[in-house]
Amino acid sequence: MIPHPSQSALDPAGTGADSIASLFWVMVVGGILIWMIVVGLAIYAIMVPGRHDQKTTRLFVIGGGAVFPTIVLTALLTYGLAMLPELQRPAPEGSQVIEVAGVRWWWRVVYRLPNGTKVETANELHLQVNEPVEFKLTSEDVIHAFWIPALGGKVDMMPGRENRLKLVPNRVGTYRGVCAEYCGEAHTQMAFDVIVESREDYDAWLSRLKKPVVQGSEAASEGRQIFEAAGCGACHAIRGTSADGVVGPELTHFGSRRSIGASVLPNNSDNLIRWIAETHQVKPGVEMPAFETLSPDELRALSLYLGDLK
Ligand code: CUA
């Protein structure tokens, strides 16, 4: 398994997660105080013998049983609702729009570019620190849910419907996003990496993403032939080559990604070979067939080719 980057809603790195974490801590502290008062009163009632004054007990029942909870719950509701307008406000005009579709069991990611064109990638998001980003969330099959706990709240991905979510990451780092709605066999292996970076790093990444693949080394070209012969291009697209499949994850810059199989294994040559040859052992339920018939040399060449796609 891959060492997980931060996946904690209590270690916020975005404005949405900040307010959700504050609400959580207010509730925890409030809950502890109220618990201490209730337990204190119970101990008092047990320890102090004799009949208690009728008037005082009535005051406790009405005050503690009805008035106090009403005030506390109203205050909490008001505090929680007051956060909503900001959390739900769309990102300002001109913000980066990213379309993410949940697919069993991976993520199709499409960046909309300012000139109106789009560029596709998969299972990894790059975001610019302190810049709002607008997500358009859909599903290509069943209900999934898009959640980056460190950055903000979660939103369902429904087939036939587009939900939106605004996030504002405010700390550079690598975070983990997950599918938060049970969607079948590989649900727990449906995750993605989120890299929040400076404007310079982000711009460099985006301009690289737009480019089709650059032809690699001699060894990699052997892998490319195996990729073509094995029919990988029927499902996967690599821009700049004849591979133009759309049912599987886009692979143009696969070699630059952190992980394999929707954040299941760290992206390196050995893991890639394992993924291709033993796909179903690594991720039971995955749609991709295992290519057990490829020889170790062929697998090595194929992993070189894919690893070279940067
Ligand atoms: Cu997709 Cu759970």
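None of these values were measured; they are calculated from a predicted model. In every chain, residue numbers begin from 1 and rise along the written sequence. Predicted model: local features are reported for residues with pLDDT of at least 70 only, side-chain atom pairs are reported and counted for 80 or more only, and whole-chain, interface and lining totals are derived from all residues. Working from all heavy atoms in the structure, the side-chain values ignore hydrogens and water.

Caption draft 1: Layout of the overall build of the protein. Broken down by element type, the protein carries seven helices and twelve strands. Structurally, the protein occupies a C-alpha span of about 90 × 45 × 35 Å along its principal axes. Residues counted as buried form 42% of the 310 residues belonging to the protein. Working note: accessible area of the protein is about 16300 Å², and carbon and sulfur atoms make up 62% of it. Secondary structure elements follow DSSP: runs of H or I of four or more residues count as helices, runs of E of two or more count as strands, with numbering from the N terminus. Partly exposed residues are those whose accessible area sits between 20% and 50% of the maximum for their type, while under 20% is buried and over 50% is exposed, using a 1.4 Å probe and protein chains only. Shrake-Rupley sampling with a 1.4 Å probe provides the accessible areas, and residues are treated as covered by the protein chains on show and by no other component.

Caption draft 2: Local environment of the packing of aromatic side chains. Between the rings of Phe, Tyr and Trp (Trp by its six-membered ring), a pair exists once the centres lie within 6.5 Å; its type follows the angle of the planes, with under 30 degrees stacked, over 60 edge-to-face, and the other angles tilted. Tallying each qualifying case throughout the model produces eight aromatic pairs. Centre to centre, the rings of Phe24 and Trp25 are 5.1 Å apart; their planes meet at 80°, and the pair counts as edge-to-face. With a relative accessible area of 44%, Trp25 lands in the partly exposed category. Relative to Phe192, the ring of Phe146 lies with its centre 5.2 Å away and its plane at 20°, an arrangement referred to as stacked. Taken together, the positions of Phe146 in strand E6 (residues 144-147) and Phe192 in strand E10 (residues 191-197) put the pair 46 residues apart, joining distant regions of the chain. Both residues of the pair, Phe146 and Phe192, count as buried. One aromatic cluster is present, formed by Trp107, Phe135, Phe146 and Phe192 through successive ring pairs.

Caption draft 3: Looking closely at the packing of helix H5 (residues 269-277) against helix H7 (residues 296-307). Every axis corresponds to a line fitted to the C-alpha atoms, with the helix fit spanning only the stretch in contact, and the corresponding angles, defined between N-to-C directions, vary from 0 to 180 degrees. In contact at an axis separation of 9 Å, H5 and H7 are set at 115° when each is read in the N-to-C sense. The interaxial crossing formed by H5 with H7 has right-handed handedness. Counted together, Ser269, Asp270, Leu272, Ile273, Ile276 and Ala277 of H5 and Leu299, Arg300, Leu302, Ser303, Leu306 and Gly307 of H7 form the full contact between these two elements. Considering only residue class, the contact of H5 with H7 consists of seven nonpolar, three polar and two charged. Each crossing gets its handedness from the near helix: less than a right angle anticlockwise from the far helix is left-handed, clockwise is right-handed. Pairs of residues are marked as contacts when any of their non-hydrogen atoms sit within 4.5 Å. Under the grouping applied here, Gly and all other residues not named as nonpolar or charged are polar, the nonpolar ones being Ala, Val, Leu, Ile, Met, Phe, Trp, Tyr, Cys and Pro and the charged ones Asp, Glu, Lys and Arg.

Caption draft 4: Fine view of the confidence of the model for the protein. Within the protein, residue pLDDT values average 92, and 97% of them lie at 70 or more. On a range of 0 to 100, pLDDT expresses the predictor's confidence in each residue. The weakest mean pLDDT in the protein belongs to helix H4 (residues 218-229) at 86; the strongest belongs to E6 at 98.

Caption draft 5: Structural view of the layout of surface pockets. Grid spacing is 1 Å over the protein atoms alone, the probe is 1.4 Å, and a cavity is where that probe fits but cannot get out, while a pocket is an open set with protein on both sides within 12 Å along at least five of seven lines and lining residues have an atom within 4 Å of a point. Grid points are joined across faces, edges and corners, and a volume is the space filled by probe spheres set on the points. Estimates place the volume of the largest pocket at around 620 Å³. Lining the largest pocket we find 31 residues, and of these His236, Gly248, Pro249, Trp275 and Met288 sit closest to its centre. For the lining of the largest pocket, the elements supplying multiple residues, two or more each, are strand E11 (259-260), H5 and H7. Of the residues forming the lining of the largest pocket, the biggest block, three residues, is contributed by H5. Counted by class, the lining of the largest pocket contains 21 nonpolar, six polar and four charged residues. Computed from the structure, the second largest pocket encloses a volume of approximately 390 Å³. Along its surface, the second largest pocket is lined by 18 residues, and Gly94, Ser95, Gln96, Val97 and Tyr202 are the ones closest to its centre.

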